[in-house]
Amino acid sequence: MNSIPPALVLLGGALALPLLPRLLRSLAFVLLPVAAMALLFSLEAGNTTLPFLTFDLVPLRVDRLSLAFGYIFVLATLLGGIYAFHLKELGQQIAALIYAGSSLGVIFSGDLLTLFVYWEFMAVSSTYLILARATERSRQAAMRYLLVHLFGGSVLLAGILWHFGESGSLGFDGFAGGTGAYLILF
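Treat the numbers as computed from the prediction; the structure is a model and nothing was measured.

Caption draft 1: The arrangement of the environment of M143 in detail. By the element assignment, M143 lies in helix α6 (residues 136–167). By relative accessible area, which is 34% here, M143 ends up partly exposed. Remark: the alpha-carbon pair of M143 and L60, spanning 83 residues in sequence, is separated by 32 Å.

Caption draft 2: Quick look at the nonpolar core. Counting residues in hydrophobic clusters, the biggest one holds 32 residues, and the most contacted among them are L10, L40, L43, L97, L104, F108 and I160. Among the secondary structure elements, those contributing two or more residues to this core are α1 (7–16), α2 (22–41), β2 (55–62), α3 (64–83), α4 (90–108), α5 (112–131) and α6. Take this core: its biggest share by element is seven residues, from α4. Those residues in contact with L97 that lie beyond four places of it in its chain are L10, L11, G13, A14, L17, F29 and L32.

Caption draft 3: Just the packing of aromatic side chains, in detail. Summed over all chains, the structure comprises three aromatic pairs. Each ring, one from F55 and one from F164, has its centre 5.6 Å from the other, and the planes form 70°; the classification is edge-to-face. A residue pair is termed long-range when its members are at least 10 positions apart, and F55 in strand β2 and F164 in helix α6 qualify at 109 residues. For F55, a relative accessible area of 25% translates into the label partly exposed.

Caption draft 4: Structural context of the packing of α1 against α2. At a minimum axis separation of 8 Å, α1 and α2 run at an interaxial angle of 155°. Relative to α2, α1 is oriented roughly antiparallel. In the packing of α1 onto α2, the handedness of the crossing is right-handed. In contact with V9, L10 and G13 of α1, α2 contributes L32, P33, A35, A36 and L39. Split into classes, the residues belonging to the contact of α1 with α2 amount to seven nonpolar, one polar and no charged.

Caption draft 5: Geometry of the pattern of salt bridges. In the structure shown here, the tally under the stated rule is one salt bridge. The closest approach of N and O atoms between E136 and R139, which form a salt bridge, is 2.7 Å. Highlighted residues: E136 and R139, both in helix α6, separated by three residues, approximately one helical turn.

Caption draft 6: Inspection of the side chain of T77 at higher detail. One can find T77 in helix α3. We classify T77 as buried; its relative accessible area is 12%. Dropping the residues within four chain positions of it, T77 is found in contact with L10, P33 and A100.

Caption draft 7: The arrangement of the side chain of S103 in detail. Topologically, S103 is positioned in helix α4. Overall, S103 belongs to the buried group, its relative accessible area being 3%. Engagement of the side chain of S103 in a polar contact is seen with the backbone oxygen of Y99, the distance being 2.9 Å. S103 has contacts with F73 and M122, leaving out every residue within four places of it along the chain.

Cut-off values and rules
Residues numbered from 1 in each chain as written. Predicted model: local features only at pLDDT ≥ 70, side-chain atom pairs only at ≥ 80, totals over all residues. Heavy atoms only, no water. Helix = DSSP H or I, 4+ residues; strand = E, 2+ residues; numbered from the N terminus. Buried < 20%, exposed > 50% of the residue type's maximum accessible area, 1.4 Å probe, protein only. Core = buried A, V, L, I, M, F, W, Y, C linked by side-chain atoms within 4.5 Å. Contact = heavy atoms within 4.5 Å. Phe/Tyr/Trp six-rings, centres within 6.5 Å; stacked < 30°, edge-to-face > 60°. Axes fitted to C-alpha atoms, helices over the stretch in contact; angles between N-to-C directions. Parallel < 35°, antiparallel > 145°, perpendicular 65-115°, else oblique. Left-handed = near helix turned anticlockwise from the far one by under 90°. Nonpolar A, V, L, I, M, F, W, Y, C, P; charged D, E, K, R; others polar. Salt bridge = Lys/Arg side-chain N within 4 Å of Asp/Glu carboxyl O. Polar contact = N/O pair within 3.5 Å; in protein donor to acceptor, adjacent residues only side chain to side chain.

Here it is, written out as structure tokens:
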């Protein structure tokens, strides 16, 4: 089984984008989702674990549902790259790739800590994209958006901590209910 999370293709591309000449960045923005799609086609069902402190994180959990959503998100990223091919502002290109990569990370997360980290990267990068319009209206919208995301992220974190306190597990498996599960769902 391929054990490379597809999120890393887009996140790594976001890090490499500033190193590319301006004329190649838009092309890279289109080719990176193609590379992520090729990686998705090579994935097989199963989990990839990564030891972290005393936990076994699962940055890649592949099943039919995650693959279906992965294909949809990568296709949307590809179409967005084609639509924004004319865009030359580096910050927006980086933020869009971070957002798309983080979305894939959320989809394939097999533990709650990985899910939370990717979730927060989504919040920050999407807020930057709203701010990039650089108008008073976009600034106000970004602040409202950020507040909603910060509240949602705080509730998610509270649910994760509550669930961990009750179960001792960060596994992203079926939840039997309880306060932690309801906070995560909220």
